[in-house]
Amino acid sequence: MITAEALVKRYGTKVAVDSIDFSVRPGQVTGFLGPNGAGKSTTMRMIVGLDRPTAGRVEVNGRPYREHRAPLREVGVLLDAKAAHAGRSAYKHLLSIAATHGIGAKRVREVIGLAGLDSVAGKRVGGFSLGMGQRLGIATALLGDPATIILDEPVNGLDPEGVRWVRTLMRSLAAEGRTVLLSSHLMSEMAQTADRLIVIGRGRILADDAIGDVISGATRSTTRVRTRETERLMATIAAPGVVVSLLADGAIEITGLTAEQVAVAASAAGIVLHEVASVSGSLEEAYIALTAGEVEYRSSNIVQEGAVR
Amino acid sequence: MSTLETRHTDVAPDHDRLSFGRVMRSEFIKITSLRSTVGLLLAIVALGMGTSVILGLTIKDAGLPSAASVGFMLDQVTIGTVLFGQLIAGVLGVLVISAEYSSGTIQTTLIAVPSRLAVLFAKAIVLFLSVAAAASVALFGSWAVTYPMLAAYGLEIGLTEPGVVLALVGGAVYVGFAAVLGLGIGTLLRAVAAGVATVISVILLLPIILSVIPASDVVRSIHLLSMSKAGDALTNTADGTAFVDLADGYVSPAAGLLIAAVWALAFLVIGAVRLRKKDA
């Protein structure tokens, strides 16, 4: 469980995180989305005490991260792939971190195995690819068997097998009742992994809801219909608020009526439909719609600042 | 991915929590698992003993003293370890913290140990002990290898002579403090190159600059209180008179210990303030 209240981070005059409130609950995967520079990494750094909030507070499992007596058991974190000395072996790197909590070599070997790094554990980290660095970072996050896991862009540089591994791992950690916070720019991956989404832009929360609700709130769902009597159907369903457009493949796309409403209307008019389907928006569309608004907000803000001067 | 695989199997949750001893253990693993840091520790031993061997071999050309003296023996034995050792130790001190910043390891470190002062003090203690141990090997090793060389001229001095062991241990402690000085500077500056340049300036350049400036009482006093002068004092025997005598230019071993400790701890505290206040 992660709880942020009126959390603010300012660097000089630049506001990176602008008084946000959110909570990340156990038992589900929460996706953390936002454009570059939106404040995602800063927020994650504040959660684990690397950066100090300018105002407000953020707590992990009921208290500020720094106050935990066994922080690695509370939170496992991957912020930066390859945040390890190039000259140290992966095994010694993990062992040095584990030692701070008295976690033994046995657990170190366990997470090395989990992350699929057995064959390179004795090799120096400098020779690792980005994907291997990510695996090492995830192994580090799992060391303390934590109740909360925070991963910043964990699938960057991973091969398809690795991407799938991360997805399965996140799902199973959430299924065990852990809190999982995950950031990624890969929308299709996020759509498959996350239960909830927190979307952040320019330091503010743009959406915080179940993934389905975020998508339906930010996109319009349409009804896709195929029939030989296109023109008669269009005349039948014509009404204020109903928008119909003809698609290149001969199907029509209807906004403002559900699939059921279209089917009922067609049946009453004796029109045979070959295909009726509800098409909902994608996460990518929702994300673009949500964050595009934020870009507009930013430019008008700049104009305002100029006017004041 | 079964549930069991990610669960902790060997240790009960209550047992794996932070403690200062464990943080020191972590720092010990770090310092012994890099070629660069191990190499620098070995270099203290190699350069310290190597210098003593060369001095021992050329002892006759340098001019033999008329009689055996503790002071003459200590000069032969300690100069390499103190002169080179203090610089290597300073560089090592800078490296153990600034390399964490350049590699990004500092993030991982501070996530595991959110108490930043605990990290810094654990580093300082482990560094001091490792470096002082390496310097002890160098100093006692130097004494041992030069013993027969000095004996050839009847100039040998045993470890049982008053002040000898104290001076050798003092030299090791001094080199350890030089490492802590470097750690403080590295924590303050966070960059390898700037840290190394600064630590060399403080240890080596300061006395040189002072010797160029026309000697006034103030300059002489600063010179006596410099880090490297403390090294000289610690590796000599006490003459039993004053603690520090500004007029005579004399600094006792005890005063040397105090001066070296103040230099090292002052920089460590400045580094600690920066580490605590700033975002990582």
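Keep in mind it's a predicted model, so treat the numbers as computed, not measured.

Caption draft 1: Summary view of the overall build of chain B. A count of helices and strands for chain B gives eleven helices and two strands. Each helix (α) and strand (β) of chain B, taken in turn from the N terminus, gives the series α-α-α-α-α-α-α-α-α-α-β-β-α. Considering only C-alpha atoms, chain B reaches an extent of 80 × 45 × 30 Å along its principal axes. Sorting the 280 residues of chain B into buried and exposed places 48% on the buried side. Across chain B, the fraction of contacts at a sequence separation of at least 24, relative to all contacts at a separation of at least 6, is 82%.

Caption draft 2: A look at the UniProt feature "domain: ABC transporter" (unreviewed entry) in chain A. Those residues carrying the UniProt feature "domain: ABC transporter" (unreviewed entry) are residues 2-227 of chain A in this numbering. Regarding residues 2-227 of chain A, the helix share stands at 34% and the strand share at 29%, and the terminal C-alpha atoms are separated by 51 Å.

Caption draft 3: The arrangement of the sheet that holds strand E12 (residues 252-255) of chain A in detail. Residue and element names in this part refer to chain A. The four strands are arranged E11-E12-E10-E13 in an open sheet whose pairing can be described as antiparallel. In this open sheet, the two edge strands, each paired with only one partner strand, are strand E11 (243-246) and strand E13 (273-279). Across the sheet, the mean angle from the axis of one strand to that of its neighbour is 20°, orientation sign disregarded. Judged from the three bridges that link them, strand E10 (residues 222-227) and E12 form a sheet pairing that is antiparallel. Each residue of the ladder has a partner; that of Val-225, found in E12, is Ile-252. Sitting on the sheet, helix H9 (residues 230-237) touches E10, E11 and E12, and the angle it makes with E10 is about 140°. Its contacts with the sheet put helix H10 (residues 259-269) on E10, E12 and E13, and the angle it makes with E13 is roughly 160°.

Caption draft 4: Structural context of the UniProt feature "transmembrane region" (unreviewed entry) in chain B. Mapped onto the present numbering, the UniProt feature "transmembrane region" (unreviewed entry) falls on residues 38-59, 79-99, 120-144, 164-185, 192-213 and 254-275 of chain B. The span residues 192-213 of chain B shows a helical share of 95% and a strand share of 0%, and its end C-alpha atoms are spaced 30 Å apart.

Caption draft 5: The arrangement of the interface of chain B and chain A in detail. In this complex, chain B contributes 36 residues to the contact, which on the side of chain A involves 45 residues. Going through the elements one at a time, helix H1 (3-6), helix H2 (20-32), helix H3 (35-57), helix H4 (70-103) and helix H5 (105-112) of chain B are the ones with two or more residues in the side of chain B that touches chain A. Looking at the side of chain B that touches chain A, its residues break down into 14 nonpolar, twelve polar and ten charged.

Caption draft 6: Geometry of the confidence of the model for chain A. Averaged over chain A, the pLDDT score is 89; the fraction of residues at 70 or greater is 94%. In the model, residues 296-309 of chain A has pLDDT below 50 throughout and makes two contacts with residues more than four positions away in sequence or in other chains.

Caption draft 7: Region of the structure containing the confidence of the model for chain B. All names here are of chain B. Taken over all residues, the pLDDT of chain B has a mean of 89, while the share at 70 or more is 95%. Every residue in residues 1-12 is under pLDDT 50, and counting partners more than four places away or in other chains gives 19 contacts. Note on the complex model: pTM 0.86, ipTM 0.87.

Caption draft 8: Expanded view of the pairing of E13(A). Residue and element names in this part refer to chain A. Here E13 lies mainly on the outside; zero of its seven residues are buried. Examined bridge by bridge, E10 and E13 share six bridges and lie antiparallel to one another. Opposite Val-225, over in E13, you have Val-276 as the bridge partner.

What counts and how
- Residues numbered from 1 in each chain as written.
- Chains lettered and ligands numbered in written order.
- Predicted model: local features only at pLDDT ≥ 70, side-chain atom pairs only at ≥ 80, totals over all residues.
- Helix = DSSP H or I, 4+ residues; strand = E, 2+ residues; numbered from the N terminus.
- Buried ≥ 20, exposed ≤ 12 C-beta atoms within 10 Å, placed from the backbone.
- Contact = placed C-beta atoms within 7 Å.
- UniProt positions renumbered as here; feature names shortened; annotations may be inferred.
- Pairing = 2+ DSSP bridges.
- Axes fitted to C-alpha atoms, helices over the stretch in contact; angles between N-to-C directions.
- Nonpolar A, V, L, I, M, F, W, Y, C, P; charged D, E, K, R; others polar.
- pLDDT = per-residue confidence, 0-100.

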